[in-house]
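What follows is each chain in one-letter form.
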Amino acid sequence: MRTALKRAGAGIAVLWGAATLAFAALMLLPGDPVATLLGPATMASAEVRDRIRADYGFDRPVLVQYFAYLRKLVTGDLGSSYQLQRPVWGLITDQLGPTAQLAVAAVVVAVVIALISAVATAGRDRRVRAVAGAWELAAVSLPSYWLGILLLTAFSFQLRIFPVIGTQDLAALVLPALTLALPIAGLLAQVLREGLEAALAEPFAVTARARGLSQLAVRLRHALRHAAASLATLTGWLVGTLLGGAVLVETVFGRSGIGALTLQAVGDKDMPVVMGVVLLSALVFVVISAVLDLLHAVIDPRLRPA
């Protein structure tokens, strides 16, 4: 019970910190929010501007605005978009599906690639590990937008295997998911290989081999379980960073989603939408942290409460 309360308190603290930073960014943003609301070509009078400022509470002290903002958040009110005049929560939920689909596909592909690469090369000949390390380093180093353009050029424009843009079917998901997954897979494979090589040197692995188990069986049934904790932790952290990559990937492949919505909101200085996406990212981080705590207890029974 005490552990659950600590986790809940930590999650609330993360969300409060994200909300505070988002509000501070809104306050520090140069320019008049009323001008953003009205648009650059408006000829509105000073009286109209003052009335809008009063309606939105921009004329109130900063602390009053801050506590009003927190009070709305507690009730689930993220405000309304300056440009689209729609509730931010509705805009986010409308675009959440394609981004969630892309993120889940990318994580699955990344974990599968990392597992295959690490299990196949851990403890092998130095040349084999050098080849694996080379592709992993290349995958981590390549910018996602450049990788996406390369995949589009090869598989869409030249080979015409996958569609260029769109979110209509599964085929349109392959290249965006691969673009988002490869850098993650490279990093996961490096960490997992180190964990596997350390586990293979442990006495339990030596004993398992002495009992006649094959190398593959030792890796999958024994060593992988011990190396999985670091893989799960890093995977959870990387999932929290997927939104930043999704902004570029969804733009390159012409996909709708949270990334495209965020990019448009930043370009329009639509801060309520940007703040809503920041809070969504913080919420995803909190949820993933809670899931990882449970997953660690499954992987390592020593972490389970007595």
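These numbers were taken from a predicted model, which means no experiment stands behind them. Each chain has its residues counted from 1, following the order in which its sequence is written. Per-residue local features are limited, in this predicted model, to residues with pLDDT of at least 70; the limit for side-chain atom pairs, both in listing and counting, is 80 or more; totals at the level of whole chains, interfaces and linings are taken over all residues. Processing note: side-chain calculations cover all non-hydrogen atoms of the structure and skip hydrogens and water entirely.

Draft legend 1. Geometry of the environment of G57. Structurally, the position occupied by G57 is in the loop between helix 3 (46-56) and helix 4 (62-74). Exposure categories follow from relative accessible area, calculated using a 1.4 Å probe and restricted to protein chains: below 20% of the type maximum is buried, above 50% is exposed, and the middle band is partly exposed. The exposure class assigned to G57 is buried, which follows from its relative accessible area of 2%. Spatially, the C-alpha atom of G57 lies 9.3 Å from that of A68, the residues being 11 residues apart in sequence. By the criteria applied, helices consist of DSSP H or I runs no shorter than four residues and strands consist of E runs no shorter than two, each listed in order from the N terminus.

Draft legend 2. Representation of helix 6 (residues 126-141) in the model. Between the first and last residue of a helix there are one fewer steps than residues, each counted as 1.5 Å, and that sum is the expected span. With 16 residues, helix 6 should reach 22 Å at 1.5 Å per residue; the first-to-last C-alpha distance of 22 Å fits that figure. By the burial criterion, the buried members of helix 6 are A132, E136 and A139. Looking down the long axis of helix 6, one finds its buried residues gathered within 60° of arc, a one-sided arrangement. Away from the buried face of helix 6 by more than 90 degrees, exposed residues R126, R127, V131, L137 and S141 are located. We call two residues in contact when some of their heavy atoms are within 4.5 Å. Buried residues in helix 6 make contact with helix 5 (88-121) and helix 8 (171-200). Working note: the arc is built from the helix axis to C-beta atom directions.

Draft legend 3. Structural context of empty space enclosed by the protein. Of the two site types, the cavity is a set of points on a 1 Å grid over the protein atoms alone where a 1.4 Å probe fits but cannot get out, and the pocket is an open set with protein on both sides within 12 Å along at least five of seven lines, each lined by residues with an atom within 4 Å of a point. Grid points are joined across faces, edges and corners, and a volume is the space filled by probe spheres set on the points. All told, the structure shown has 1 cavity of 30 Å³ or more when counted by the stated rule. In this model, the largest cavity occupies a volume close to 50 Å³. As for the largest cavity, its lining consists of S81, Q83, L84, L91, L261, Q264, A265, D268, D270 and V273. Top element by residues in the lining of the largest cavity is helix 12 (residues 258-268). It accounts for 4 residues.

Draft legend 4. Just the nonpolar core, in detail. Core analysis: the biggest nonpolar cluster contains 39 residues, and L102, A110, L180, I184, L188, L192 and L196 have the highest contact counts within it. Every element with two or more residues in this core is listed here: helix 5, helix 7 (144-158), helix 8, helix 9 (203-210), helix 10 (215-240) and helix 11 (242-252). Ranked by the residues each element gives to this core, the list is headed by helix 8, at 14 residues. Once you skip the residues sitting within four places of it in the chain, L102 turns out to touch L173, P176, A177, L180, V249, E250 and R255. Residues belong to one nonpolar core when they are buried, are Ala, Val, Leu, Ile, Met, Phe, Trp, Tyr or Cys, and are joined through side-chain atoms within 4.5 Å. One finds L26, Y66, Y82 and A282 within the second-largest nonpolar core, a separate group that totals 30 residues.

Draft legend 5. Expanded view of the pattern of salt bridges. When a carboxyl oxygen of Asp or Glu lies within 4 Å of a side-chain nitrogen of Lys or Arg, that pair is called a salt bridge. Applying the stated rule across the entire model yields 3 salt bridges. Here R193 and E136 are joined by a salt bridge, their closest N and O atoms 2.4 Å apart. With R193 in helix 8 and E136 in helix 6, this residue pair connects regions lying 57 residues apart in the sequence. For R193, a relative accessible area of 8% puts it in the buried group. By relative accessible area, E136 is classed as buried at 0%.

Draft legend 6. Local environment of the packing of aromatic side chains. A pair of aromatic rings is counted whenever rings of Phe, Tyr or Trp (Trp by its six-membered ring) have centres within 6.5 Å, and the orientation is called stacked for planes under 30 degrees apart, edge-to-face for over 60 and tilted otherwise. For the coordinates displayed, the defined rule picks out 5 aromatic pairs. Centre to centre, the rings of F23 and Y69 are 5.6 Å apart; their planes meet at 25°, and the pair counts as stacked. In this pair, F23 is assigned in helix 1 (residues 2-28) and Y69 in helix 4, connecting sequence segments 46 residues apart. You'll find F23 and Y69 in the same group, each marked buried. Ring centres of F155 and F162 lie 6.4 Å apart, and the angle between their planes is 65°; on these two criteria the pair is classed as edge-to-face. Owing to a relative accessible area of 22%, F162 belongs among the partly exposed residues under this scheme. By way of ring pairs, the aromatic residues F23, Y66, F67 and Y69 are connected into one cluster.

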